[in-house]
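# Breakdown of the fold
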Amino acid sequence: MHKAIFLDRDGVINQDNGYTFKLSDLRILNGVIEGLQAIGRLKYKIIIITNQSGIARGLFKENEFHKFMKKLTEVLAENEILICDYFYCPHHIDGIIKEFSRLCKCRKPHPGMIFEARDKHDIDLSQSILIGDKVSDIKAGIAADIPNNIIISDSPMNQELPAVACAKDLVEAANIILSLK
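Residues numbered from 1 in each chain as written. Predicted model: local features only at pLDDT ≥ 70, side-chain atom pairs only at ≥ 80, totals over all residues. Heavy atoms only, no water.

This part takes up the sheet that holds strand β5 (residues 148-152). With parallel pairing, 6 strands are arranged side by side in an open sheet as β3-β2-β1-β4-β5-β6. The open sheet is flanked by β3 (83-89) and β6 (165-167), the only strands paired with a single partner. Pairwise comparison of adjacent strand axes, ignoring direction, gives a mean angle of 20 degrees for this sheet. Here strand β2 (residues 45-51) runs beside β3; their pairing, made up of 6 bridges, is parallel. Bridging across to β3, I49 finds its partner in F87. Seen against the sheet, helix α3 (residues 112-121) touches β1 (4-7), β2, β3 and β4 (129-132) and runs at an angle of roughly 145 degrees to β3. (Pairing = 2+ DSSP bridges. Helix = DSSP H or I, 4+ residues; strand = E, 2+ residues; numbered from the N terminus. Axes fitted to C-alpha atoms, helices over the stretch in contact; angles between N-to-C directions. Contact = heavy atoms within 4.5 Å.)

Okay, here's the thing in structure tokens:
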């Protein structure tokens, strides 16, 4: 079995513009390249899990999302960062696109995307880590029994949720992960 780092996308890897999907809006956040390079050296599979309700809301199409992800993973690969895979939830109960307008088990805080990745890539969740910037990310990690959850935030984590730590960026998150060894 493999260990993995599960990463949220918007607000963790790239700037969150609210329904970010245009290639022209791709802005890698400070510390992402250095942090992911350090994490990559620790032999974790890097997997992105991202809610994308803009698809259900009719703000962009799935092919636009995939084009954005292709460019994002290419930029990271140019910096020697291999993204093993990505999983996304296009659903939202308030969506206007019928096929995506529903409740589901993949939309964070539900752990469906994590379980899908676990099954596809033979992931040992007990050896894995989730990094997100929203409480829903952390709740998904907890629901999947991932023991180490890190929130990217400028303010301390809500103490009701057992995140391992609060980090200001992925460099600090990588240092926290190193300290877990």
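Quick look at the pairing of β4 now. Here β4 shows two buried faces, one formed by I129 and I131 and the other by L130 and G132. Across 3 bridges, β1 lies against β4 in parallel orientation. Bridging from a neighbouring strand, F6 pairs with L130 of β4. One ladder, built from 4 bridges, connects β4 with β5; its direction is parallel. (Buried < 20%, exposed > 50% of the residue type's maximum accessible area, 1.4 Å probe, protein only.)

Before going further, it helps to spend a moment on the packing of helix α1 (residues 32-40) against helix α5 (residues 170-180). Running from N to C, α1 and α5 cross one another at 20 degrees; their axes reach a closest spacing of 7 Å. In terms of orientation, α1 and α5 fall into the roughly parallel class. α1 and α5 meet at a crossing whose hand is left-handed. Residue-level inspection shows V32, E34, G35, L36, A38 and I39 of α1 in contact with α5, the latter providing L170, V171, A174 and I177. Residues belonging to the contact of α1 with α5 are distributed by class as follows: 8 nonpolar, 1 polar and 1 charged. (Parallel < 35°, antiparallel > 145°, perpendicular 65-115°, else oblique. Left-handed = near helix turned anticlockwise from the far one by under 90°. Nonpolar A, V, L, I, M, F, W, Y, C, P; charged D, E, K, R; others polar.)

Turning to the pattern of salt bridges, a few remarks are in order. One pass over the full model with this rule turns up 9 salt bridges. Between D133 and K134 there is a salt bridge, and its shortest N-O distance comes to 3.5 Å. Taking the shortest distance from any N to any O, the salt bridge between K168 and D169 comes out at 3.7 Å. K168 gets classed as exposed once you look at its relative accessible area, which sits at 53%. What emerges from the salt-bridge pattern is a single network uniting D8, K108 and D137. (Salt bridge = Lys/Arg side-chain N within 4 Å of Asp/Glu carboxyl O.)

Side chains of β1 alternate between two faces, with A4 and F6 and I5 and L7 buried alike. Sheet analysis places β1 next to β2, joined by 4 bridges and oriented parallel. The residue bridging I5 from the neighbouring strand is I46, located in β2. Crossover β1 to β2 through α1 is right-handed. (Right-handed = clockwise from strand over helix to strand, strands pointing away.)

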